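A look at the structure
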Amino acid sequence: MSKAEEIKKLFEEKINSITASEAVEELRIEFLGKKGLVSGLMSELKNVPNEEKKEFGRLVNVLKQEIESAIAQKKEELIKKEEEAIINSAEQYDESLPYEINMGSYHPITLVQRDLERIFASMGFAIEDYSEIVDDYHCFEALNIPKHHPARDMQDTYYLSTENQLLKTHTSAAQNAIMKKYGAPLRAVFPGRCFRNESTDACHENTFFQMEGIMIDKDISISNLIYFMKTMLSEVFQKDINVRLRPGFFPFVEPGFELDIECLICGGEGCPSCKNSGWLELCPCGMIHPNVLKHGGIDPEEYTGFAFGLGLTRLAMMKYGIKDIRVFNSGSLKALSQFKNE
Ligand code: DAH
């Protein structure tokens, strides 16, 4: 048997005993690598008599090609087998089996906010966003609350170490920027997270949500304010809502009001929820102060407008009968997953 035939026989024995694709590469190196058997055979060419050199070279090349193609074929075969084995051993997927999906739910504030956005958008209001970090000018000065004004006491907040920056205490902080952005006439609502340095209890939180709204045009009056609030509230609660205005003081409106709604529980008769008054305090509002319009670049001689600051958190408490405000920021899935959008 020639040397080439010996190598071929050895190769065939070895390749037939291989069962894993990884071993094929080792075999290739053993036979075709730089120091492999076939290369070794080729280096013997110099010892072959001249007249046999050509035939010898041809035989080694044929051997090399046979080994190469046998290796490629074996590799493919084994990889395919291994893939099939993985597929067959995997747990079978049966789409007819019942399965449980744990659906998430929206936060009650998100539900109320979206509801209001839909209602206001349908009445032609733009929906605006605003940052949670604002400066003293936007939160107070532009709203006719100068430094050292006692009205600031009611809105103690968290000041950042960066000069003049603070967490906004009310969504009114966006009024100035929105007036400047659009000019008059203007209708916009802007929901947002607000912060106050408060000790928390069932009715107070340091972080809560409001939705502010402004409407500015020629000849806007308190009747427009009442009309929009009534329409919006009737939509939210899905029934006719009676409202009343009481005087209230806020430096950025003149006149300013507290808007009450007829108690949803007793219908105005008087019950423990409304402290027997028949009314629930819902939303402060008023006619925008001329100074605030001026700060916003709007001429108060030409335009008037109303503004309101709806407590989204408070509204969600009323709508869903939530008695403790701390539930909202609790992160408790047990409590928060109970609210679904009807
Ligand atoms: N920004 C006030 C607050 O958080 C609420 C408010 C009162 C907003 C009257 C208004 C308004 O737009 O007209 O206490």
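An account of the accompanying structure is given in this report. The shown structure was predicted, so the numbers you read here are calculated from the model rather than taken from an experiment. Sequence order sets the numbering: in each chain, residues are counted from 1 along the sequence as written. It should be noted that, the model being predicted, local features are given only for residues of pLDDT at least 70 and side-chain atom pairs only at 80 or more, the latter also being counted only at that level, while totals for whole chains, interfaces and linings use all residues. Just so you know, side-chain values use all the structure's heavy atoms and leave hydrogens and water out.

**Description of the environment of lysine 275**
For clarity, the cut-off: By definition, any uninterrupted DSSP run of H or I lasting at least four residues is a helix, any uninterrupted run of E lasting at least two residues is a strand, and each is numbered from the N terminus.
When you line up the elements, lysine 275 lands in the loop between strand S7 (253–262) and strand S8 (279–288). Separated by 12 residues in sequence, lysine 275 and cysteine 263 have C-alpha atoms that sit 9.8 Å apart.

**Here we look at the sheet that holds S8**
Rules: Two strands are said to pair when DSSP picks up at least two bridges between them. Residue contacts follow a heavy-atom distance rule, with two residues in contact if any of their heavy atoms lie within 4.5 Å. Each axis is a line fitted through C-alpha atoms, and for a helix only the stretch in contact is used; angles between axes span 0 to 180 degrees, taken between their N-to-C directions.
The strand order across the open sheet built from 7 strands is S1-S4-S5-S9-S8-S7-S6, with neighbouring strands paired in mixed fashion. The open sheet is flanked by strand S1 (126–127) and strand S6 (243–247), the only strands paired with a single partner. Contacts between helix H8 (residues 222–237) and the sheet are confined to strand S4 (186–195), strand S5 (207–217), S6, S7, S8 and strand S9 (304–311), with S7 contributing the most and set at about 30° to the helix.

**Some remarks on helix H4 (residues 50–89)**
For the record, the criterion: By definition here, a helix of n residues has an expected span of 1.5 Å times n minus one. Note on exposure labels: buried denotes an accessible area under 20% of the residue type's maximum, exposed denotes more than 50%, and partly exposed covers the range between, all computed with a 1.4 Å probe on protein chains only.
Under the 1.5 Å per step criterion, the end-to-end length of H4 is 59 Å for 40 residues, consistent within 8% with the ideal 58 Å. Where H4 is concerned, the buried positions are Phe56, Gly57, Val60, Leu63, Ile67, Ile71, Lys74 and Leu78. In this structure, the buried side of H4 is in contact with helix H1 (3–17), helix H2 (21–32) and helix H3 (37–42).

**With respect to the nonpolar core**
Note the following rule: Nonpolar cores were defined as sets of buried Ala, Val, Leu, Ile, Met, Phe, Trp, Tyr and Cys residues, with membership established by side-chain atoms within 4.5 Å.
Among the nonpolar cores identified, the biggest contains 47 residues, and Leu116, Phe120, Met232, Leu233, Ile261, Phe308 and Leu310 are the most heavily contacted of them. Those elements that provide at least two residues to this core are helix H5 (108–122), S5, H8, S7, S8, S9 and helix H10 (312–320). No other element matches H8, which puts 7 residues into this core. Setting aside residues up to four positions removed in sequence, isoleucine 261 forms contacts with Leu233, Phe237, Ile241, Asn242, Val243, Gly278, Trp279, Leu280, Leu282 and Met318. Ile145, Ile178, Ile216 and Ile288 belong to the second-largest nonpolar core, a separate cluster that totals 25 residues.

**Some remarks on empty space enclosed by the protein**
Cut-off, in case you're wondering: The rule is simple: put a 1 Å grid over the protein atoms alone, call a set of points where a 1.4 Å probe fits but cannot get out a cavity, call an open set with protein on both sides within 12 Å along at least five of seven lines a pocket, and count a residue as lining if it has an atom within 4 Å of a point. Grid points are joined across faces, edges and corners, and a volume is the space filled by probe spheres set on the points. We call Asp, Glu, Lys and Arg charged. Ala, Val, Leu, Ile, Met, Phe, Trp, Tyr, Cys and Pro are nonpolar, and the rest, Gly among them, are polar.
Considering all chains together, one arrives at 1 cavity of 30 Å³ or more under this definition. Approximately 40 Å³ is the volume found for the largest cavity. No other element matches the 3 residues that S5 contributes to the lining of the largest cavity. Classifying every residue of the lining of the largest cavity gives 5 nonpolar, 3 polar and 1 charged.

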